[in-house]
Amino acid sequence: MLELVTTELLMTVGLAGVAGWVFTTWLRVKNGYPLEGSWGQQIKPTTDNEAKQRVALLTQENAELRAELGSVKDRLANVERIVTDSGYGLGHEIENLRRPTLATSNEEGAA
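Quick notes on the rules
Per chain, residues are indexed from 1 in the order of the written sequence. A pLDDT threshold of at least 70 governs which residues receive local features in this predicted model, and a stricter bar of 80 or more applies before side-chain atom pairs are shown or counted, although totals over entire chains, interfaces and linings include all residues. Note: side-chain values were computed over all heavy atoms of the structure, leaving out hydrogens and water. Strands are runs of DSSP state E lasting at least two residues, helices are runs of H or I lasting at least four, and both sets are numbered from the N terminus onward. Each residue is placed in one exposure class: buried if its accessible area under a 1.4 Å probe, protein chains only, is under 20% of its type's maximum, exposed if it is over 50%, and partly exposed if it falls in between. Any two of the Phe, Tyr and Trp rings considered here, Trp counted by its six-membered ring, make a pair once their centres fall within 6.5 Å; the pair's planes then place it as stacked at under 30 degrees, edge-to-face at over 60, or tilted in between. Should a side-chain nitrogen of Lys or Arg be within 4 Å of a carboxyl oxygen of Asp or Glu, the pair is scored as a salt bridge.

S.K.: Break down the overall build of the chain for me, with residues and values.
M.R.: Assigned secondary structure in the chain consists of three helices and two strands. Counting only residues that meet the buried cut, the chain has 2% of its 111 residues in that class.

Here it is as structure tokens:
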């Protein structure tokens with residue numbers, strides 16, 4: 001009786017292992033992951049012309065986006081330099097100091 005339970009248990013574990021292997025292989029194929037043979041060679045998907053074109057297009061798009069990001073970073077650096085430049089703030093302070101002085105000198109000249 002014990003041998004029968006052990007044999008059934010081993011068969012169940014073996015079948016579960018095979019079912020798990022089939023399921024993971026199906027998931028890999030479904031999601032586009034490469035399948036590998038027992039020696040690590042790629043089985044599926046094989047490299048075809050469409051995949052090469054797709055990689056070339058994605059590489060080109062990546063380069064364009066990197067260039068655009070670089071120009072945005074440059075523009076942001078210019079804006080930060082303008083805003084944090086001490087001359088910019090100093091110019092505003094000078095203008096604020098001149099305004100009341102002009103108003104006071106006009107009043108003194110009229111008196």
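Still to come is the rest of the account.
S.K.: I'd like a rundown of the packing of aromatic side chains, residues and numbers included.
M.R.: All chains considered together, the criterion is met by one aromatic pair. When the centroid spacing of 5.9 Å and the interplanar angle of 35° are considered together, the rings of Phe-23 and Trp-26 count as tilted. Separated by three residues within a single helix, Phe-23 and Trp-26 lie in helix α1 (residues 2–30), roughly one turn from each other. A relative accessible area of 45% places Phe-23 in the partly exposed class.

S.K.: Outline the pattern of salt bridges, supporting the account with residue identities and numerical values.
M.R.: Opposite charge on two side chains permits pairing when their charged atoms draw close. Going through the model one piece at a time under the given rule, you end up with one salt bridge. Of the charged contacts, one joins Glu-95 and Arg-98 as a salt bridge, the two residues approaching to 3.5 Å between their closest N and O atoms. Of this pair, Glu-95 and Arg-98 are both found in helix α3 (residues 86–110), three residues apart, which corresponds to roughly one turn of the helix. For Glu-95, a relative accessible area of 35% puts it in the partly exposed group.

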